[in-house]
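The chain contents come next:
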Amino acid sequence: MRHPSPLSKRWPIVGLCLALTALLGIGASAAAAAADSEIARHVGKAEALAGADLKAPLFLCRADSLAVVKDTLTTGQRDWLPPTRVFDNIFYIGNRFVGVFVIKTSAGLILFDSTTSREDVEQHLLPGLAELGLDPKTIRYVIVTHGHWDHFGGAAYLQQTYGAKVGLSAADWDLIDHTPADSPEISNHPGPRRDLVISDGQALVLGDTAISLYLTPGHTPGTVSAIVPGREAGHTYPLSLYGSLAFPAGLDPTERYGGLRAYRASVQRFARISRDAGAVGLLNTHVFGDGGLERLAAARARTSDQPNPFVLGKDPVRRYYALLDECLQAAELRLGATAP
């Protein structure tokens, strides 16, 4: 009697494995197609929210958004803009990639960010202040939105030269302190001495001006955002200043990043804070990322009978944060996650 060979006994098992593999492949393809469809849905909603006036931040919905930021860093940090008056009490000094918003108060100046280096301060920030009629000796605070060199690089010089108090969140002070001393970030851009530690909801009051500061982790563990009053012709306009731009590469917090989930929660929360404050305008020290670059050009070309291009209205501010939320959901799905 002829007995079945061991190989013939295994054929049913092999066939079953092949069938399961095929089914799994079909399932994976279907899941990928469903994810792609959902990503496209979020991107479409972001595009609809952008309308004709908020197209600049749409690059954040792209899979290569970080490459866009890096390209703008390379090309834009050498392209310095004319120092610009934004409101009677707010000014911008910086380049096409990143810069400083200067808030003038009755008791001195508050700076949001500090340029990237001592050289930037000496060659651009100080001459820009002089051109705008502002005295660097009256700088009282430098609020660093987050602990990356392109935001804190000039802070140590301002601290040492003018006695300015430098503020970051505790988490981003730690981020700077824990960066290796021989890394390019620190060796080329020494960090400031730990000074003011910003807490969530803190009110920074200087003279006739009160600024509300909030912790909005995501881009870094302790990014700082703010509600800032813009003043012009006897009117005060609440402005929403978000302290970060580029999305982190992972979902969860690390020593250097807050993670996509925290970023989205921060965007949703700061959208509510901005709404409750009645915010009618947007600020970001990365002016290319929120349409600020175009608004600065309009401010420089503006005639006395034209409205302030930074006064957008409440609905554009709402749409801006809703747009970011849609782009964040698309980014989460690209990482194979279900948006919370």
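This report concerns the structure included in the present document. (Residues numbered from 1 in each chain as written. Predicted model: local features only at pLDDT ≥ 70, side-chain atom pairs only at ≥ 80, totals over all residues. Heavy atoms only, no water.)

### A look at the overall build of the protein
The number of helices and strands found in the protein is 10 helices and 12 strands. Counting all 340 residues of the protein, 51% fall into the buried class. Across the protein, contacts joining residues at least 24 apart in sequence account for 67% of those joining residues at least 6 apart. In the structure as shown, the protein presents an accessible area of about 15300 Å², 57% of it carried by carbon and sulfur atoms. (Helix = DSSP H or I, 4+ residues; strand = E, 2+ residues; numbered from the N terminus. Buried < 20%, exposed > 50% of the residue type's maximum accessible area, 1.4 Å probe, protein only. Contact = heavy atoms within 4.5 Å. Areas by Shrake-Rupley, 256 points an atom, 1.4 Å probe, with all protein chains shown as cover.)

### With respect to helix α6 (residues 170-177)
Every buried residue belonging to α6 is among Asp172, Trp173, Leu175 and Ile176, and all of these are buried. Buried residues of α6 fall within an arc of 155° about the axis and therefore sit on the same side. (Arc of directions from axis to C-beta.)

### Focus on the packing of aromatic side chains
Any pair of aromatic rings gets described here by the distance separating the centres and the angle formed by the planes. Within the structure shown, the criterion is met by 11 aromatic pairs. An aromatic cluster of three or more residues is present, and its members are Tyr214, Tyr242, Phe247, Tyr263, Phe270, Tyr320 and Tyr321. (Phe/Tyr/Trp six-rings, centres within 6.5 Å; stacked < 30°, edge-to-face > 60°.)

### Let's talk about the pattern of salt bridges
Applying the stated criterion across every chain yields a total of 19 salt bridges. The salt bridge involving arginine 62 is made with aspartate 64; its shortest N-O contact spans 2.9 Å. Assessed through its relative accessible area of 43%, arginine 62 is described here as partly exposed. For aspartate 64, a relative accessible area of 36% translates into the label partly exposed. Residue arginine 85 pairs with glutamate 232 through a salt bridge whose shortest N-O separation is 3.8 Å. Here glutamate 232 lies in strand β10 (residues 224-232) and arginine 85 lies in strand β1 (residues 84-85), a separation of 147 residues in the sequence. Looking at glutamate 232, the relative accessible area reads 11%, which means it is buried. One continuous salt-bridge network, built from bridges that share partners, spans Asp53, Asp315, Arg318 and Arg319. (Salt bridge = Lys/Arg side-chain N within 4 Å of Asp/Glu carboxyl O.)

### Looking at the state of the cysteines
This model, assessed by the stated rule, comprises 1 disulfide. Disulfide partner of cysteine 61: cysteine 327, at an S-S distance of 2.0 Å. The S-S bond linking cysteine 61 to cysteine 327 shows a torsion near -95°; that makes this disulfide left-handed. Placement of the pair is cysteine 61 in the loop between α1 (6-50) and α2 (65-76) and cysteine 327 in helix α10 (residues 314-334), with a sequence separation of 266 residues. An identical accessibility class is assigned to cysteine 61 and cysteine 327; each is buried. (Disulfide = S-S within 2.5 Å.)

### Brief notes about the pairing of strand β5 (residues 139-143)
Counting buried residues in β5 gives 4 out of 5 residues, a clear majority hidden from the surface. Relative to β5, strand β4 (residues 108-112) is paired through 4 bridges, and the arrangement is parallel. Bridged to leucine 109 within β5 is isoleucine 139. On the question of chirality, the crossover connecting β4 to the parallel β5 by way of helix α3 (residues 118-131) is right-handed. (Pairing = 2+ DSSP bridges. Right-handed = clockwise from strand over helix to strand, strands pointing away.)

### Some words on the side chain of threonine 179
In this fold, threonine 179 is placed in the loop between α6 and α7 (184-187). A distance of 3.3 Å separates polar atoms of two side chains, one belonging to threonine 179 and the other to arginine 256. (Polar contact = N/O pair within 3.5 Å; in protein donor to acceptor, adjacent residues only side chain to side chain.)

### Here's the deal with the environment of tyrosine 320
On the secondary structure map, tyrosine 320 appears in helix α10. Taking the relative accessible area as the measure of exposure, tyrosine 320 reaches 3% and is therefore buried. Sequence separation of tyrosine 320 and proline 57 is 263 residues, and the distance between their C-alpha atoms is 8.2 Å. Each residue touching tyrosine 320, except ones within four places of it in the same chain, is listed here: Leu54, Pro57, Leu282, Asn284 and Asp290.

### A look at the sheet that holds strand β12 (residues 281-283)
Across a sheet, strands are paired by hydrogen bonds formed along the backbone, either parallel or antiparallel in direction. Across the sheet, which stays open at both edges, the 5 strands sit in the order β8-β9-β10-β11-β12 with mixed pairing between neighbours. Every other strand in the sheet has two partners, leaving β8 (202-206) and β12 as the edge strands with one partner each. Going across the sheet, the axis of each strand differs from the next one's by a mean of 30°, ignoring polarity. As paired strands, β10 and strand β11 (residues 235-241) are joined by 7 bridges and run antiparallel to one another. Bridge pairing links arginine 231 to threonine 236 in β11. The strands touched by α10 are β11 and β12; relative to β12, the strand with the most contacts, the crossing angle is about 45°. (Axes fitted to C-alpha atoms, helices over the stretch in contact; angles between N-to-C directions.)

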